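Results of the structural survey
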Amino acid sequence: MTDTSVTPRPRSWYHRNRQTVTPWLFLLPGILFFTLYVVYPIIESVSLSFYKWDGLGEAEFVGTRNYEKLMADRAFSVSLFNNMKWLLLYLLAIPAGLFIALFLNQTVRGIRIYKSLFFFPFVISQVVVGLVFTWFYDPNFGLLNSVLGLVGLGPINVLGDPALATYGIIAAGLWPQTAYCMILYLTGLNAVDPEQIEAARLDGAKGGRMLWHIIIPQLKPATFIAFVVTIIGALRSFDLISIMTNGGPFGSTRVLSFYMFEKALSEYGFRMGYGAAIAVVLFLIMLCFIAYFLWSMYQEEKGR
């Protein structure tokens, strides 16, 4: 009697490990693009910051000289201080976005119109926002000074005053940033557990207690994203400054990203190494904040 059994072929390495390998195959294109367009430029920027280069000729290695010059550069100090102003005041967009989202989450007549009005700043270009607020602040025909004139106050040249210009630009940036935080919180409110809300009401919780102990803890993922996006937005602020003051008056509204552009790419510079050093400092500041928030989220997930 002949043996008709078939010996099974050995399984390939992929078939043995496909549950582990398949997700990485899907992630591979994203990883390649991230490496090519994010990681590699960061490494190149760090490397370039140790050179003196005009973008055309031979690069000259100067070690840490660019960073030493930054420490004595008053324009860099002003830019860094302005970035801190942006960072602190921009965070106001988060509670403002939360309270607007809580208002828009109600079922009242005309709520769709209100949602459209609050959503509008998010969809328009930053260039448009800059132009609108430039006209708003104009000392001759701007709406701000027209309103101040009605109450007997003199005209204020917000963008022409070194003491006020930065705050005027930050106010313009807060308009769309608040709308973005509002959208994040509206999305988060849709995921709030109604059973917890009802149980809290039965226990007598309402108003501020309900918000602080029941709703806000369930909005932590939205709050995390809002913090990260707002901090990054504050630190990389460029377009509004370019449109509204171009760094003036007298360089008082510069931030690190704008100063980097002036030194590396504008008519004032073509000092690529010096601009790269400014970019590295800005990147490290961003990295510290993002790493802290990621660590906090990891610790929270680990403690569950």
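Heads up: the structure comes first, above all this text.
Read on for a plain summary of the structure.

Parameters and conventions
Residues numbered from 1 in each chain as written. Predicted model: local features only at pLDDT ≥ 70, side-chain atom pairs only at ≥ 80, totals over all residues. Heavy atoms only, no water. Helix = DSSP H or I, 4+ residues; strand = E, 2+ residues; numbered from the N terminus. Rg over C-alpha atoms; globule rule 2.2 N^0.38 Å. Areas by Shrake-Rupley, 256 points an atom, 1.4 Å probe, with all protein chains shown as cover. Lys, Arg positive; Asp, Glu negative; His and termini not counted. Charge placed at Lys NZ, Arg CZ, Asp CG, Glu CD. Axes fitted to C-alpha atoms, helices over the stretch in contact; angles between N-to-C directions. Parallel < 35°, antiparallel > 145°, perpendicular 65-115°, else oblique. Left-handed = near helix turned anticlockwise from the far one by under 90°. Contact = heavy atoms within 4.5 Å. Nonpolar A, V, L, I, M, F, W, Y, C, P; charged D, E, K, R; others polar. Core = buried A, V, L, I, M, F, W, Y, C linked by side-chain atoms within 4.5 Å. Buried < 20%, exposed > 50% of the residue type's maximum accessible area, 1.4 Å probe, protein only. Patch = residues over 30% accessible without salt bridge, like charges linked within 9 Å, V, L, I, M, F, W, Y side chains within 5 Å. Salt bridge = Lys/Arg side-chain N within 4 Å of Asp/Glu carboxyl O. Phe/Tyr/Trp six-rings, centres within 6.5 Å; stacked < 30°, edge-to-face > 60°. Lys NZ or Arg CZ within 6 Å of the ring centre and 35° of its normal. Polar contact = N/O pair within 3.5 Å; in protein donor to acceptor, adjacent residues only side chain to side chain.

1. So, the overall build of the protein chain
The number of helices and strands found in the protein chain is 14 helices and 2 strands. Here the C-alpha radius of gyration of the protein chain, 26 Å, is well above what a compact globule of 304 residues would show, namely 19 Å. By its C-alpha atoms, the protein chain is 110 × 70 × 30 Å across when sized along the principal axes. Carbon and sulfur atoms provide 66% of the accessible area of the protein chain, an area that totals close to 19400 Å². Between the centroid of the 22 positive side chains of the protein chain and the centroid of its 18 negative side chains there is a distance of 6 Å.

2. Remarks on the packing of helix α3 (residues 74-90) against helix α11 (residues 220-235)
Interhelical geometry of α3 versus α11 gives an angle of 150 degrees and a closest axis separation of 8 Å. Judged by the angle between their axes, α3 and α11 are roughly antiparallel. Crossing angle aside, the handedness with which α3 passes α11 is right-handed. Judged by residue contacts, Asn-83, Trp-86, Leu-87 and Tyr-90 of α3 engage Thr-230, Ile-231, Gly-233, Ala-234 and Leu-235 from α11. Among the residues forming the contact of α3 with α11, the class breakdown is 6 nonpolar, 3 polar and no charged.

3. Let's talk about the nonpolar core
Note that soluble globular proteins tend to have their nonpolar side chains buried in a common cluster. In this structure, Leu-70, Trp-86 and Met-244 are the most contacted members of the largest nonpolar core, which totals 63 residues. With 10 residues, the top contributor of residues to this core is helix α8 (residues 165-189). Excluding its chain neighbours within four sequence positions, the residues that come into contact with Leu-70 are Phe-76, Tyr-274, Ala-277, Ile-278 and Val-281.

4. Digging into a nonpolar patch on the surface
A surface patch of nonpolar side chains, amounting to about 1100 Å² of accessible area, comprises Phe-119, Phe-120, Phe-122, Val-123, Val-127, Val-128, Leu-131, Val-132, Trp-135, Phe-141, Trp-175 and Ile-243. Where the nonpolar patch is concerned, the elements lending two or more residues are α5 (111-123) and α6 (126-137). Along the polypeptide, Phe-141 turns up in the loop between α6 and α7 (143-150). The class of Phe-141 is exposed, set by a relative accessible area of 57%.

5. Overview of the packing of aromatic side chains
Counted by the stated rule, this structure contains 17 aromatic pairs. Both rings, one in Phe-119 and one in Phe-122, keep their centres 5.9 Å apart while their planes meet at 55 degrees; by these two values the pair is tilted. Of this pair, Phe-119 and Phe-122 both sit in helix α5, 3 residues apart, which is roughly one turn of that helix. Under the relative-accessibility criterion, Phe-119 is labelled partly exposed at 35%. Site record: aromatic cluster; members linked through ring pairs are Phe-120, Phe-133, Phe-136, Tyr-137 and Trp-175. Note that Arg-271 overlies the ring of Tyr-274, its terminal NZ or CZ placed 4.3 Å from the centroid.

6. Points about the side chain of Gln-177
With respect to the helices and strands, Gln-177 occurs in helix α8. Among the polar contacts made by the side chain of Gln-177, one reaches the side chain of Thr-230 at a distance of 3.1 Å. For Gln-177, the contacting residues outside a window of four places in its chain are Tyr-90, Ala-93, Val-229 and Thr-230.

7. With respect to a positive patch on the surface
The grouping of Lys-52, Arg-65, Lys-69 and Arg-271 at the surface amounts to a positive patch. Topologically, Lys-69 is positioned in helix α2 (residues 65-71).

8. Thoughts on the environment of Gly-173
Counting through the fold element by element, Gly-173 comes out in helix α8. Gly-173 sits 61 residues away from Ala-234 along the chain, and the two C-alpha atoms are 8.7 Å apart. Contact partners of Gly-173, with chain neighbours within four places excluded, come to Tyr-90 and Leu-240.

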